[in-house]
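Letter by letter, the chains look like this.
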Amino acid sequence: MAKQLKLLSSGQIIPTALHQEMSRSYLEYAMSVIVGRALPDVRDGLKPVHRRILYAMYELGLTPDRPFRKCARVVGDVLGKYHPHGDQSVYDALVRMVQDFSCRYPLLAGHGNFGSIDNDPPAAMRYTETRLNALSYEGMLEDISESIVDFTNNFDNSQQEPVVLPAQLPILLLNGCSGIAVGMATNVPPHNLGELVDGLIALIDRPDLTDEKLWEIIPGPDFPTGGEILETEGIREAYRTGKGIIPIRGVIKTETLVLEGRRPRERKAIVVTELPYQVNKAGWIEKVAYLVTQGKIEGIADIRDESDRTGMRVVIEVKRDTTAKKVLQQLYTKTALKSNFGAILLSLVDSKPCQLSLRQTLDEFLKFREQTLTRQYRYELEEGRKRTHLLQGLLIALNHLDLVIDILRHAADGGTAKVQLQEHLEITPAQADSILAMPLRRLTGLEKQKLQEEFSQFQQRIQELEILLNDRHELLKSLKKELRSLKRKYGDERRTRILTPKPVSTKPKEPKKEIEIKNEKVETPKSPSKPLTLFTPQPPPDKAILTVTKEGLVYWETLEKLSKIQPKTGEDYPVYRALIKQQEQFIAITDHGKAYPIACQNVPPKDSHIVRLMELLPASGQRDANKIISQLFLPNPKQNLLLLTELGKIKRMTSEELSELTNRGLVLIKLKEGDKLHRFNLTQTGDNVIIATSSGRILRFLVDEPDIPLMGRNAQGNQAVKLRYGEWIAGWVNGRQMQNLILITQYGYGKKIPVNLFRRGKLGDLGTPALQFKQTEDHLALITLAETDKTLILPTCQQRRLTVEVDQVNEWGKDGTGDRLVKLQSGETIIK
């Protein structure tokens with residue numbers, strides 16, 4: 001006792017307030033329950049107990065092609081290795097993963113009694129058998145290893161268990177999840193696999209996809225028991241905020257039954273074929289019968305369960321003095337035939353409970369899947385390089401077989417042979433070890449051929465993996481390919497019907513009018529919402545052709561007059577033509593990156609320089625009038641504005657940025673000192689932007705969020721291409737991957753080259769050499785798309801205009817100078 005008092009008085013006791021200790025201890029307990037038991041991880045959608053069950057079965061080898069094993073064996077392994085809790089809680093979790101009325105896509109297959117929708121209990125674990133389902137094995141466990149996902153020690157540090165499974169599908173949304181933690185709960189509804197895959201692919205292709213478009217692809221939950229969702233407002237609220245009430249009801253039909261007896265008589269009946277999710281059929285029938293006996297539901301003569309293996313069928317006979325409609329209304333209001341599903345999209349993100357929207361949940365999964373794919377490919381690349389290295393050593397040995405045999409014959413021991421092999425064959429220690437371990441059958445000709453084929457296959461796979469790891473676009477393509485494959489194998493039709501129809505726009509689409517002008521298609525532009533109303537004594541007719549020349553002359557012509565006009569001669573020639581209306585406006589862009597509106601009503605029928613039209617604008621417009629670089633109509637809302645500066649900066653912005661355009665102009669891009677706007681284009685998501693430098697380098701970007709992100713008007717843009725000393729931007733085009741380019745140098749050499757020869761680049765890349773020059777002082781002068789039956793007009797420094805037919809230009813690869821397309825005079829060069 002004295003020793004105990006001495007110990008207590010030695011300063012080991014830390015005084016702590018009781019309320020602080022209780023608060024800290026309870027918080028630790030709450031977080032332990034939240035993270036370790038009750039809430040699923042947003043990445044693989046599983047709670048720890050489900051994850052441990054699946055991994056234990058994977059370790060036991062219970063794959064879909066293997067025989068079933070007793071559930072007691074699985075539960076024992078889970079308890080002994082990973083989950084030191086009650087065996088009944090583990091078995092209950094296992095049973096739920098087998099039940100097709102609890103999980104939309106069961107993760108386990110079972111033999112025996114695993115319960116029913118009537119809430120019948122499952123048989124004891126010593127009687128039932130189970131194994132992994134094909135979806136869970138292929139979509140969650142097939143590629144699991146420490147190189148792909150993180151592992152941690154189990155409860156007694158005797159072995160490792162995965163922190164998360166490398167799920168290829170968002171299991172959290174696929175099967176849903178429910179759980180009650182301390183102070184919070186989750187209740188995620190299940191969804192259709194095909195719709196989730198389509199939503200994921202849409203988010204990969206268009207990260208800026210609106211919520212409304214995403215909800216069209218994933219319209220709502222898809223419960224395993226079917227049913228009907230009455231309205232979409234609750235779904236939208238749940239998808240938008242992560243919490244909402246979704247009203248669902250069972251599926252019924254009315255039948256006329258013929259009752260047997262002395263006098264056969266007819267009676268109306270309500271037949272229930274589907275119940276709302278998580279409604280116990282036997283309990284519901286018992287509830288209805290109780291309410292009938294209590295007089296709270298009237299008009300029911302009899303109720304019986306005629307369900308069998310083919311499906312659910314609950315028959316409710318209606319009395320003669322009432323109608324089926326009245327009885328059904330009572331069933332909806334007083335029983336669970338119509339109920340609410342309280343959706344709460346709560347899950348663990350970085351071990352913290354977060355309430356996520358539908359988009360956030362999918363984004364978190366895509367981020368996780370991209371990480372696991374990267375780790376998987378990186379590991380496969382490392383192993384492939386190791387194997388290729390060893391195969392290379394074996395092939396070297398087979399090519400110098402006599403020398404290898406001689407070294408082995410005269411070597412004193414294995415160590416000496418290894419050193420001599422390294423010296424004579426110039427190989428590494430690992431290669432020498434593989435040669436010494438090579439069996440004699442490898443010396444046959446057939447085995448040598450197999451080694452060579454294996455070496456070639458590994459080399460090809462290594463190249464593919466390097467592309468996947470270095471090009472995020474290719475990595476996402478691989479991810480989409482896997483998703484589509486899983487959809488083909490395991491996708492099925494929606495079971496739950498959504499009764500509220502999707503809103504359909506009643507506004508008719510305006511057909512596009514096209515007119516052929518010198519082999520160039522020009523579309524009718526969209527009219528602005530607020531057209532300018534500047535006065536002009538001679539406005540153009542309602543259908544006229546606006547023409548802008550290279551030197552900035554602007555005029556309109558009628559369709560009849562256009563066919564009679566000869567092309568201009570000399571250095572000036574038309575560069576833009578479009579069908580216009582009186583109440584439209586086009587935009588003039590200056591090299592300072594500023595946009596001004598020009599009213600079509602002010603365009604005269606004869607040549608007038610655009611400067612005169614800008615003199616009608618405020619002083620700021622007049623100062624920039626001599627620096628016009630592009631003219632275009634207000635773009636379609638689906639189009640983006642793409643700007644490229646002379647120093648290689650690129651910027652993408654939405655057409656909505658032009659909604660504030662006034663006569664004083666609008667700054668589209670902030671330029672650094674010494675930089676100017678080189679070109680301005682209209683583009684859409686999915687287009688290919690091809691930029692060419694004067695030295696013949698080509699860069700190809702895809703117009704999407706990862707490559708060229710959307711920015712506001714005040715942004716400077718990103719560096720698209722690194723320009724070397726004395727190099728400049730030669731031009732750029734918008735095109736598709738299956739089109740061809742025309743490249744022409746200032747000395748008249750040119751060639752046609754497919755766009756798909758150039759890999760998709762990243763911002764700031766140097767690009768790919770696409771053209772060589774016969775003279776060192778030559779450079780690329782023109783890049784354009786190769787359109788069939790089109791004639792190229794090539795202006796020269798001596799004010800000549802040479803023509804080249806596109807169909808006569810030969811196709812080349814990335815190497816070579818191309819063909820001589822035009823004959824130039826002494827000192828003459830092609831200019832822009």
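Note that the coordinates shown come from a computational prediction; the quantities given were computed from them, not determined experimentally.

> Kindly report on the overall build of the protein chain, identifying the contributing residues and their values.
Of regular secondary structure, the protein chain possesses 21 helices and 41 strands. Across the 832 residues in the protein chain, those meeting the buried criterion constitute 47%. Surface accessibility of the protein chain: about 42600 Å² in total, with carbon and sulfur atoms responsible for 49%.

> An account of the sheet that holds strand β33 (residues 718–719) is needed here, citing residue identities and associated values.
The strand order across the open sheet built from four strands is β30-β27-β28-β33, with neighbouring strands paired in antiparallel fashion. Pairing within the sheet leaves two strands with one partner each, and these edge strands are β30 (677–683) and β33. Pairing of strand β27 (residues 640–645) with β30 involves six bridges; the strand directions are antiparallel. Within β30, the residue paired with T645 across the bridge is L677.

> Go over unusual backbone geometry with me, naming the residues and quoting the values.
In the Ramachandran plot, Q278 falls in the positive-phi region, its phi being about 70° despite a non-glycine side chain. Within the secondary structure, Q278 sits in the loop between β11 (265–274) and α11 (281–293). A positive phi angle, near 65°, is found at S351, a position not held by glycine. The topology assignment puts S351 in the loop between β15 (346–349) and β16 (352–355). For S351, a relative accessible area of 47% corresponds to the partly exposed category.

> Could you give an account of the side chain of Q330, with specific residues and numbers?
Among the secondary structure elements, Q330 is positioned in helix α12 (residues 324–334). Among all residues touching Q330, those that are not within four sequence positions of it are K296, I297, E298 and T335.

> Which residues make up the nonpolar core, and what values do they have?
I53, L54, L108, M140, L169 and L362 are the most contacted members of the largest nonpolar core, which has 87 residues in total. Setting aside its immediate chain neighbours within four residues, L108 contacts I53, L54, M57, L94, M97, V98, T130, R131, L132 and N133. In terms of nonpolar packing, the next biggest core, distinct from the first, is built from 21 residues, V272, V314, V318 and Y332 among them.

> Can you tell me about the sheet that holds strand β35 (residues 740–745), naming the residues and giving the values?
The strands that make up a sheet pair up through hydrogen bonds in the backbone, lying either parallel or antiparallel. The four strands lie next to each other as β38-β35-β36-β41, forming an open sheet whose pairing is antiparallel. In the strand order of this sheet, the two ends are held by β38 (780–785) and β41 (819–820), each with one partner. Here five bridges tie β35 to strand β36 (residues 749–754), and the two strands are oriented antiparallel to one another. Paired with I744 across the two strands is G750, which belongs to β36.

> Could you give an account of helix α16 (residues 429–436), naming the residues involved and the relevant values?
Among the residues making up α16, those that are buried are Q431, A432, S434 and I435. In a view along the axis of α16, the buried residues occupy a sector of 160°, so they form one face of it. Residues of α16 that are buried sit in contact with α13 (358–399), α14 (401–410) and α15 (414–425).

> Could you give an account of the environment of V755, with specific residues and numbers?
If you trace the backbone, V755 turns up in the loop between β36 and β37 (768–769). Spatially, the C-alpha atom of V755 lies 6.4 Å from that of L741, the residues being 14 residues apart in sequence.

> Can you tell me about helix α4 (residues 71–81), naming the residues and giving the values?
Among the residues making up α4, those that are buried are C71, V74, V75, D77 and V78. Looking straight down α4, one finds its buried side chains confined to an arc of 160°; they lie on one side. Turning to α4, the residues buried within the fold contact α3 (48–59), β1 (69–70), α5 (87–98) and β3 (129–132).

> How would you explain the packing of aromatic side chains if you had to name every residue and give the values?
Inspection of every chain in the model, using the stated rule, returns six aromatic pairs. Seen from their ring centres, Y277 and F341 are 6.2 Å apart, and the 40° between their planes marks the pair as tilted. Residue Y277 is found in the loop between β11 and α11, and its partner F341 is found in strand β14 (residues 338–344); the two are separated by 64 residues along the sequence. The class of F341 is buried, set by a relative accessible area of 5%. One aromatic cluster in this structure is built from Y55, Y58, Y82 and F151.

> I'd love a proper account of the confidence of the model for the protein chain, names of residues and values included.
Of the residues in the protein chain, 84% reach a pLDDT of 70 or more, and the chain-wide mean stands at 83. Counting contacts from residues 502–537, a segment whose pLDDT is below 50, to residues more than four positions away or on other chains yields 52 contacts. Of the regions scoring below 50 in pLDDT, residues 619–623 engages in eight contacts with residues more than four places distant in sequence or in other chains.

> Run through the packing of helix α6 (residues 134–141) against helix α18 (residues 472–490), naming residues and quoting values.
α18 packs onto α6 with a crossing angle of 175° between their chain directions and a minimal axis gap of 11 Å. Between α6 and α18, the crossing angle belongs to the class labelled roughly antiparallel. Listed contacts from α18 to A134, L135 and E138 of α6 are L486, K489 and Y490. A breakdown of the residues in the contact of α6 with α18 according to their chemical character gives four nonpolar, no polar and two charged.

Procedures and definitions
Residues numbered from 1 in each chain as written. Predicted model: local features only at pLDDT ≥ 70, side-chain atom pairs only at ≥ 80, totals over all residues. Heavy atoms only, no water. Helix = DSSP H or I, 4+ residues; strand = E, 2+ residues; numbered from the N terminus. Buried < 20%, exposed > 50% of the residue type's maximum accessible area, 1.4 Å probe, protein only. Areas by Shrake-Rupley, 256 points an atom, 1.4 Å probe, with all protein chains shown as cover. Pairing = 2+ DSSP bridges. Contact = heavy atoms within 4.5 Å. Core = buried A, V, L, I, M, F, W, Y, C linked by side-chain atoms within 4.5 Å. Arc of directions from axis to C-beta. Phe/Tyr/Trp six-rings, centres within 6.5 Å; stacked < 30°, edge-to-face > 60°. pLDDT = per-residue confidence, 0-100. Axes fitted to C-alpha atoms, helices over the stretch in contact; angles between N-to-C directions. Parallel < 35°, antiparallel > 145°, perpendicular 65-115°, else oblique. Nonpolar A, V, L, I, M, F, W, Y, C, P; charged D, E, K, R; others polar.

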